[in-house]
Amino acid sequence: MSSIVDALYELKYNPFEYGPYLASFYTHLDDSENSLLLAQLVIPLCSHPVYSHKLSNSNKRSSIWTVFDDRAKLYDLQERIDGFQALTEQCIQYCLINDWLSINEQQLSLGKRDGADSVFVHKKSAEKLGRLFSGHSVVEIYAFLGVKPR
């Protein structure tokens, strides 16, 4: 029975489906140091039933304080980060292999590759999350969300 559940989980949560989320996020995130640490927030927030909707409906005037205003709904974010850690790592590898993203080892950051925009299907919620996180430090984002990087 557990093998059926595992197979269904892998069908729903796989790097082919969620790789474009990371690519869309980093395409719209300003270059910053240690941005690699933000990758583990993308899938848990963009697949969250409440925040995926809030992210999709955000606009230019939205900020991380207005989108993530109800802290009670973030109660399971740390568990989601831990649960999606392996998927996030697979998605990063998938994006690097497909030349959607590039890695800067000195700054520990991921960034978009030139010409990669037209290759993958853009994910609206991930793009808006990248815009919301732009201009904020990694430490500030993690402190605001109340989670710890892994």
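As shown above, the structure is provided for reference.
Bear in mind the structure is a predicted one, so any value in this text is a computation, not a measurement. (Residues numbered from 1 in each chain as written. Predicted model: local features only at pLDDT ≥ 70, side-chain atom pairs only at ≥ 80, totals over all residues. Heavy atoms only, no water.)

A separate point is the layout of surface pockets. Size it by volume and the largest pocket reaches roughly 180 Å³. Lining the largest pocket are N34, L36, L37, A39, Q40, Q85, T88, E89, I92, L108 and R150. Mapped by element, the contributors of at least two residues to the lining of the largest pocket are α3 (39–46) and α7 (85–97). Here the lining of the largest pocket gets four residues from one element, more than from any other, and that element is α7. Broken down by class, the residue content of the lining of the largest pocket amounts to five nonpolar, four polar and two charged. A volume near 160 Å³ is recorded for the second largest pocket. What lines the second largest pocket is a set of 14 residues, among which D31, N104, S109, L110 and G111 lie closest to the centre. Mapped onto the lining of the second largest pocket, the elements with two or more residues apiece are β1 (101–104) and β2 (109–112). Residue contributions to the lining of the second largest pocket peak at four residues, all from β2. The class makeup of the residues in the lining of the second largest pocket is four nonpolar, seven polar and three charged. (1 Å grid on protein atoms, 1.4 Å probe; cavity = no way out; pocket = protein on both sides within 12 Å on 5 of 7 lines; lining within 4 Å. Points joined across faces, edges and corners; volume = space filled by probe spheres on them. Helix = DSSP H or I, 4+ residues; strand = E, 2+ residues; numbered from the N terminus. Nonpolar A, V, L, I, M, F, W, Y, C, P; charged D, E, K, R; others polar.)

Glancing now at the nonpolar core. L38, L41, F68, F133 and L145 are the most contacted members of the largest nonpolar core, which has 42 residues in total. Apart from residues no more than four positions distant in its own chain, F133 is found in contact with F25, L29, L38, L41, L45, I64, F68, I141 and L145. (Core = buried A, V, L, I, M, F, W, Y, C linked by side-chain atoms within 4.5 Å. Buried < 20%, exposed > 50% of the residue type's maximum accessible area, 1.4 Å probe, protein only. Contact = heavy atoms within 4.5 Å.)

The end-to-end C-alpha separation of α7 is 19 Å, in line with the 18 Å expected for 13 residues at 1.5 Å each. Within the span of α7, buried status applies to L87, T88, C91, I92 and C95. One side of α7 holds all its buried residues, which, seen down the axis, span an arc of 140 degrees. Along its buried surface, α7 packs onto α2 (15–28), α3, β1 and β2. Positive phi appears at D99, one or two residues downstream of α7, with a value of about 60 degrees. (Expected span 1.5 Å × (residues − 1). Arc of directions from axis to C-beta.)

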